[in-house]
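Read off the chains here:
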Amino acid sequence: NLSAQLHLPEVGNEGYVISSQLTGGKKRIVIAANTDIGVLYGVFHFLCLLQTQQSIENLKIISVPKLKLRMLNHWDNLNRTVERGYAGFSIWDWHKLPVYIDKRYIDYARANASIGINAISLTNVNANATVLTDTYLEKVKALADVFRPYGIKVFLTARFSAPVEIGGLKTADPLDPQVQQWWNEKVKKIYSLVPDFGGFLVKANSEGQPGPQNYNRNHADGANMMADVVKPFGGIIIWRAFVYSNENPEDRHKQAYNEFVPLDGKFRTNVMIQVKNGAIDFMPREPFHPLFSAMPKTPLVMEFQVTQEYLGQSTNLVYLAPLFKEVLE
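Not measured: the values here are computed from a predicted model.

Asker: It is not clear to me how the overall build of the protein should be interpreted in this structure. Could you clarify?
Answerer: Helix and strand content of the protein: 9 helices and 10 strands. Computed over its C-alpha atoms, the radius of gyration of the protein comes to 22 Å, within 12% of the 20 Å expected for a compact globule of 329 residues. The dimensions of the protein, computed from C-alpha atoms along their principal axes, are 75 × 45 × 40 Å. Residues classed as buried in the protein amount to 48% of the 329 residues present. In the protein, the proportion of contacts linking residues at least 24 apart, taken out of those at least 6 apart, comes to 67%. For the protein, the accessible surface area stands at approximately 16600 Å², while carbon and sulfur atoms represent 54% of it. Each charge class in the protein can be summarised by its mean position, and for the 34 positive and 31 negative side chains these summaries are 6 Å apart.

In structure tokens form, the structure reads like this:
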């Protein structure tokens, strides 16, 4: 029973096994998994062993990802500028999509799969509702079709006021039935084009972005309305905890704590709260974010900034891994 011998029941949907086997009197290296994506990850691991000139004698590698969601958030705008971007224009050429598929999209997907990235948010958290129009959703579908063979799901940033801006409604109040119906119809359209759509990443009521507080609702009201809409399709909502407001007289380091801690346990099970390393705004040296130990009933996800905004911009090179390691420890 090769499956049991290789421990395949243990590796789940994304894990893999690389094993030296003696079969039929011949030595073979077997790369095995329960899914094609698992095999892909295993092949990339094996190629890494070859390229780094490590021994491939007597291999017995069993690898299972500890994190289910391994995601890149692009801060890319539809006009191809990149917020905080120090590397030129956005890779996404919306003008030529969906017809022209740049080979770089495939290279990008392969590169991400080689390190286990399995989700991408295509658009800036300072969101533009235009990406939710039918014309742009066809372009999103084209990218999702490129990424799917590499195990990558597509997410979009959702502008909370989209029902007003592109839907013709007078309100985006999350408790308004018309607003809920608008999001229902929009999400059905998205999943008809992208059946494995991951869900939405939302920046709300921060730095002037619209959100539920515009309608005297709280973050749970807003996140839960959107979570209910994507849940039948298996989608999730990633709701950012960065809620900086100049108008708030409280110390900025306390604002997210004050707004989110009272809501612990009130978010739907398919809502994740995205927390920066510290509350001030990706500063290289600041106290760790107080939310990390304060919301035991809510899934928290850490938001890493891997562009060099406060760390040399395009002038100096700064290695960020020690910062992330220290925060996570």
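Asker: Looking at this structure, I do not really get the side chain of His 289. What am I missing?
Answerer: Here His 289 is to be found in the loop between strand E9 (271-276) and strand E10 (300-303). Contact partners of His 289, with chain neighbours within four places excluded, come to Ala 256, Val 275, Lys 276, Asn 277, Gly 278 and Ala 279.

Asker: What is the right way to look at the environment of Asn 58 in this model?
Answerer: With respect to the helices and strands, Asn 58 occurs in the loop between helix H2 (36-51) and strand E3 (60-63). By relative accessible area, which is 66% here, Asn 58 ends up exposed. When the C-alpha positions of Asn 58 and Pro 262 are compared, they lie 54 Å apart, and in sequence the two are 204 residues distant.

Asker: It is not clear to me how the sheet that holds strand E8 (residues 236-240) should be interpreted in this structure. Could you clarify?
Answerer: Sheet strands pair via backbone hydrogen bonds, and the direction of the pair is either parallel or antiparallel. Here 7 strands make up an open sheet; going across it, the order is E4-E5-E6-E7-E8-E9-E10 and the pairing parallel. Pairing within the sheet leaves two strands with one partner each, and these edge strands are strand E4 (71-73) and E10. Going across the sheet, the axis of each strand differs from the next one's by a mean of 25°, ignoring polarity.

Asker: What is the right way to look at the environment of Arg 252 in this model?
Answerer: Relative to the helices and strands, Arg 252 resides in helix H8 (residues 252-260). Overall, the relative accessible area of 26% leaves Arg 252 in the partly exposed class. Spatially, the C-alpha atom of Arg 252 lies 38 Å from that of Gly 151, the residues being 101 residues apart in sequence. In this view, Arg 252 contacts Phe 242, Tyr 244, Ala 279, Ile 280 and Asp 281; residues no more than four positions away in its chain are not counted. Within polar-contact distance, the side chain of Arg 252 engages the backbone oxygen of Ile 280 at 2.6 Å.

Asker: In this structure, what is going on with unusual backbone geometry? I would like to understand it.
Answerer: Glycine aside, a negative phi is what most residues show, and trans is what most peptide bonds show. Backbone torsion omega between Leu 97 and Pro 98 reads 0°, so that peptide bond is classified as cis. Structurally, Pro 98 can be placed in the loop between E4 and helix H3 (103-114). One non-glycine residue, Asp 281, lies in the positive phi region at around 145°. For Asp 281, the position within the fold is in the loop between E9 and E10. Since its relative accessible area comes to 6%, Asp 281 is described here as buried.

Asker: Mind showing me how you'd approach the pairing of E8 here?
Answerer: Each regular strand displays side chains that alternate between the two surfaces of the sheet. Among the 5 residues that make up E8, 5 are buried, leaving the element largely enclosed by the rest of the structure. Neither face of E8 is left uncovered, since the one carrying Ile 236, Ile 238 and Arg 240 and the one carrying Ile 237 and Trp 239 both have all their residues buried. Taken together, the 4 bridges between E8 and E9 define a ladder with parallel strand orientation. The partner of Arg 240 across the bridge, within E9, is Gln 274.

Criteria and thresholds
- Residues numbered from 1 in each chain as written.
- Predicted model: local features only at pLDDT ≥ 70, side-chain atom pairs only at ≥ 80, totals over all residues.
- Heavy atoms only, no water.
- Helix = DSSP H or I, 4+ residues; strand = E, 2+ residues; numbered from the N terminus.
- Rg over C-alpha atoms; globule rule 2.2 N^0.38 Å.
- Buried < 20%, exposed > 50% of the residue type's maximum accessible area, 1.4 Å probe, protein only.
- Contact = heavy atoms within 4.5 Å.
- Areas by Shrake-Rupley, 256 points an atom, 1.4 Å probe, with all protein chains shown as cover.
- Lys, Arg positive; Asp, Glu negative; His and termini not counted.
- Charge placed at Lys NZ, Arg CZ, Asp CG, Glu CD.
- Pairing = 2+ DSSP bridges.
- Axes fitted to C-alpha atoms, helices over the stretch in contact; angles between N-to-C directions.
- Polar contact = N/O pair within 3.5 Å; in protein donor to acceptor, adjacent residues only side chain to side chain.

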